[in-house]
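Fold and contact review
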Amino acid sequence: MGIPLRVLIIEDSEDDAFLVIRELRKGGFEPEFERVETAEAMAEAISRREWDIALSDYVLPRFNGLDALRLWRQRGFDLPFIVISGKIGEDTAVGAMKAGANDFFVKGHISRLVPAIQRELREAELRRRKREAEEALVRSELRYRRLVAAVTDYIYTVAIREGSIVGTYHGPGCTAVTGYSPEEFEENPFLWHQMIHGEDRGRVIDQARRLQTGEEIPALEHRLVHKDGSVRWVRNTIVPRYDEQGVLVAYDGLIADITGRKAAEEELRLRIAALDAAANAIVISDPDGRVIWANPAFTALTGYAVDEIIGRSLGILNSGVHGEAFYRELWETIRAGRVWRGELVNRRKDGTLYPEEQTITPVADDRGAIRHFIAIKEDVSERKRAQEALLENARLSCDMDLARQIQRSLLPAAPPAAAGVRCAGRWVPAAHVGGDYYDFFPREDGSLDMVIADVSGHSVGAALVMTEARSVIRTQARSGGSLAEIVGSLNELLYDDLTRAELFITLFYASYRPISRTLTYASAGHNPPLLFREAERHCQELDAEGLILGVRPHVSFEEREVRLEPGDLLLLYTDGITESDNGSGELFGAGRLCAILAARHGDEPEAVIDAVLAEVATFTGGRPPADDICMVVVKITTSSG
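A short tour of the structure in this document, coming up. None of these values were measured; they are calculated from a predicted model.

**Quick word on helix α3 (residues 65-74)**
If you check which residues of α3 are buried, you get G65, A68, L69, L71 and W72. On an axial view of α3, the arc spanned by its buried residues comes to 165 degrees, and they lie on one face. Between a side-chain oxygen at the N-terminus of α3 and the backbone nitrogen of L66 the separation is 3.0 Å; the capping residue is N64. Looking one or two residues beyond α3, the residue adopting positive phi is G76, at roughly 85 degrees.

**Quick notes on the sheet that holds strand β1 (residues 3-10)**
Pairing in this open sheet of 5 strands is parallel, and the strands run β2-β1-β3-β6-β7 from one edge to the other. Looking at strand neighbours, the two that pair on one side only are β2 (29-36) and β7 (103-106), the edges of this open sheet. Ignoring which end each strand starts from, the neighbouring axes of this sheet average 25 degrees apart. Taken together, the 4 bridges between strand β6 (residues 81-85) and β7 define a ladder with parallel strand orientation. The partner of I84 across the bridge, within β7, is F105. Relative to β2, helix α1 (residues 14-26) is tilted by about 165 degrees, and along the sheet it contacts β1, β2, β3 (53-56) and β6. Of the strands in this sheet, β1 and β2 touch helix α2 (residues 39-48), which is tilted by about 135 degrees from β2.

**Points about the packing of aromatic side chains**
In this structure the tally under the stated criterion is 11 aromatic pairs. Centroid distance Y438 to F440: 6.0 Å. Interplanar angle 75 degrees. Geometry classified as edge-to-face. Classification of F440 by relative accessible area gives buried; the value is 8%. With a centroid separation of 5.5 Å and 25 degrees between ring planes, the pair formed by F508 and Y521 is classed as stacked.

**Quick word on the nonpolar core**
Generally speaking, a soluble globular protein has its nonpolar side chains buried in company with each other. The biggest cluster of nonpolar side chains holds 54 residues, and the ones touching the most others in it are M450, I505, L507, Y509, L519 and L549. Setting aside residues up to four positions removed in sequence, M450 forms contacts with D439, F440, F508, Y509, A510, Y512, L570, L572 and V634.

**Describing the packing of helix α15 (residues 460-477) against helix α16 (residues 483-501)**
The relative placement of two packed helices comes down to the angle between their axes together with the axis-to-axis distance. Relative orientation of the contacting elements α15 and α16 amounts to 160 degrees, with a least axis distance of 10 Å. Looking at the two axes, α15 sits roughly antiparallel to α16. For the pair α15 and α16, the sense of crossing is right-handed. Of the residues in α16, those touching α15 at V465, E468, A469, V472, I473, Q476 and A477 are I486, S489, L490, L493, L494, D497, L498 and A501.

**What to know about the pattern of salt bridges**
According to the stated counting rule, one finds 50 salt bridges in the structure shown. In this structure, R119 engages E120 in a salt bridge whose closest nitrogen and oxygen atoms are separated by 3.0 Å. The class of E120 is buried, set by a relative accessible area of 4%. When the shortest N-O distance is used, the salt bridge between R426 and D610 registers 2.8 Å.

**A look at the pairing of strand β23 (residues 530-533)**
Along β23, one buried face is formed by L530 and F532 and the opposite face, lined by L531 and R533, is buried too. By the bridge criterion, 4 bridges tie β23 to strand β24 (residues 538-541) in an arrangement that is antiparallel. What sits directly across from L530, in β24, is E541. The antiparallel pairing of β23 with β24 creates a hairpin that spans 4 residues between the two strands, and R537 there sits at a positive phi of about 55 degrees. Alignment of β23 against strand β26 (residues 569-573), held across 3 bridges, turns out to be antiparallel. If you follow L531 over to β26, its bridge partner there is L570.

**Some remarks on unusual backbone geometry**
Even without being glycine, E502 reaches a positive phi, approximately 55 degrees. Within the fold, E502 resides in the loop between α16 and β21 (505-513). What makes E502 exposed here is its relative accessible area of 71%. Residue R537 is not a glycine yet carries a positive backbone phi of 55 degrees. With respect to the helices and strands, R537 occurs in the loop between β23 and β24.

**As for the environment of D228**
Note that D228 resides in the loop between β10 (220-225) and β11 (231-242). For D228, a relative accessible area of 56% translates into the label exposed. Taking C-alpha positions, D228 is 64 Å from L391, a pair spaced 163 residues apart along the chain. Separated by 2.9 Å, the side chains of D228 and H226 make a polar contact. At a separation of 2.6 Å, a polar atom in the side chain of D228 contacts the side chain of S230.

**Quick look at helix α18 (residues 589-600)**
With 12 residues, α18 ought to run about 16 Å at 1.5 Å a step, and its terminal C-alpha atoms sit 17 Å apart, in line with that. Listed as buried for α18 are G589, L593, I596 and L597. Projection of α18 onto a plane perpendicular to its axis shows the buried side chains occupying an angular sector of 145 degrees, all on one side. Exposed residues pointing more than 90 degrees away from the buried face of α18 are listed as G591 and A599. Against β23, β24, β26, α17 (575-578) and α19 (605-619) lie the buried residues of α18.

**Things to note about the packing of α18 against α19**
With their axes 10 Å apart at the nearest point, α18 and α19 run at an angle of 140 degrees to one another. The orientation of α18 relative to α19 falls into the category oblique. As for how α18 packs across α19, the hand of that crossing is right-handed. Contacts from R592, L593, I596, L597 and R600 in α18 reach A607, V608, A611, V612, E615 and F619 in α19.

**Re the sheet that holds strand β20 (residues 448-455)**
With antiparallel pairing, the 5 strands of this open sheet are ordered in space as β19-β20-β21-β22-β25. At either end of the open sheet lies a strand with only one pairing partner, and these are β19 (436-442) and β25 (559-563). Strand-to-strand twist of the sheet, defined as the mean angle between neighbouring strand axes without regard to direction, takes the value 15 degrees. Pairing of strand β22 (residues 518-524) with β25, which is carried by 5 bridges, proceeds in the antiparallel orientation. Bridged to T518 within β25 is R563. Along the sheet, α15 contacts β19, β20 and β21; its crossing angle with β19, the most-contacted strand, is approximately 15 degrees. Contacts between α16 and the sheet are confined to β21, β22 and β25, with β21 contributing the most and set at about 155 degrees to the helix.

**Brief notes about the pairing of β3**
Of the two faces of β3, the one lined by I53 and L55 and the one lined by A54 and S56 are each fully buried. Note: β1 against β3, 4 bridges, orientation parallel. When the bridges of β3 are listed, I9 appears paired with L55.

Calculation notes
- Residues numbered from 1 in each chain as written.
- Predicted model: local features only at pLDDT ≥ 70, side-chain atom pairs only at ≥ 80, totals over all residues.
- Heavy atoms only, no water.
- Buried < 20%, exposed > 50% of the residue type's maximum accessible area, 1.4 Å probe, protein only.
- Helix = DSSP H or I, 4+ residues; strand = E, 2+ residues; numbered from the N terminus.
- Arc of directions from axis to C-beta.
- Polar contact = N/O pair within 3.5 Å; in protein donor to acceptor, adjacent residues only side chain to side chain.
- Pairing = 2+ DSSP bridges.
- Axes fitted to C-alpha atoms, helices over the stretch in contact; angles between N-to-C directions.
- Contact = heavy atoms within 4.5 Å.
- Phe/Tyr/Trp six-rings, centres within 6.5 Å; stacked < 30°, edge-to-face > 60°.
- Core = buried A, V, L, I, M, F, W, Y, C linked by side-chain atoms within 4.5 Å.
- Parallel < 35°, antiparallel > 145°, perpendicular 65-115°, else oblique.
- Left-handed = near helix turned anticlockwise from the far one by under 90°.
- Salt bridge = Lys/Arg side-chain N within 4 Å of Asp/Glu carboxyl O.
- Expected span 1.5 Å × (residues − 1).

Structure representation (structure tokens):
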């Protein structure tokens, strides 16, 4: 069962909304959602029911994301609002974040959506709890006054003869405080002492002893065990009575039930301890903004010690970033009795600036006059840095997507039409871009050249080097030299750049002549391609001596040739396939490739590539590839194709 989530989707595309809901379900949510695409429909939806989050497109036919955000905030929602759009640039995204959006994503790249929603829901819950704490703090003063007003008092008398208690009288109010009736106290003169809490009995007995010696005794606060078993706090004030000889004959007492006051004091003590220990700075000021109390977190935030700020205005924190209109609106809000929430930049004692999220709550007396302001201040520097990092990551992600599109466009758009062969190629980068590459070069004499290469690594650097290598390869392919000469020229032309970049390239270059069915090839340290022989039903590796490009200049490369027959299947590949592992250290290996060729040799080249990728995915458990994958499959047909 997934986590329930009420989602309002502002989106004109049902397909895009479906993709978002599918991503939420994959992330463990069970979304209950409604899709709207106009301001009227959105207003009706948010007035009809409660929502946990809003996900909005930025551009809609009759509406836009900023208008949706304003409507969401105007209704008083302090809940996450996330923009998901396919037409949003960096400037627009920054504007949306400044306007109050919690995050944004580019359509088609929402893998971070679920973690972002989880984070924003947690922050919304923290804000809700903070508001409740603020409201509870405002209510506490009234509640404490009511507790004090509810205290019950009563008078009692204790008669003493020859130093011993002989009778007691408790007024009618005793039942409310102790649970016992006046008659029960008369029947048992020792009932009063018996109901004193065990931890306090010694102090009460000592008070009685001092009373008998004639000492003046102050009022004593102690606990009683009520008839129902509950514990009550009382204030016991005693007035002694003496006879003509100065002998104590009785004493009168006033019992005040202070249980409510004690509970209030304990709660207040805990609240003060909590405020002192709070991570956020909390400041209480008078109606003119002069500080009367601040917690230790205020010092940690601003650098001002508490005794430095008491009696002073918080205006000493002003950074000069905000104009007079900003502060005028703030004061108009709180003096009108409304809570102000906002973000501003303040200045620490050492002069450094910092961003701060602040909530100011007015506290009014019984007549409605504002007596205090309570400000809760939170340093949001880390959040700002995180937002900036998100924006930077989004920009980089867009740049990398563009780089991937450009690199993909450099690969053959479709297999060439060549006599005697059917061929296909596939490129699967491990990251946005990669260092693998393949290409086809039809020649005027009807032969077909093909190349596959692998730059070490699969980073942006590898992609840049591969782009350069592609240009050099294409130039050399038109030179008309032998394959060994072409590969040798590539090494000379690329050696300096590869050395400076600390990279190298493995490469396999082949040329097929359909008239003679001869494949000529040369290798620069590349893993040998696999040739499945139709007649013999087995694989053989095509290898040739040659050093990896970029290791050493002036290298000679071996050139070999092999005759092919109709039905033969040739697979050129990079080591991203054979070095894929299953998580236990076992590699996919060339043996599994040979088995696939044997099983699928009758299929078309595209189907063979699909089969290889499917087997690799099964072997690795569906994990993303750790290295780039590149393949070329060539199937030999009759000379007519």
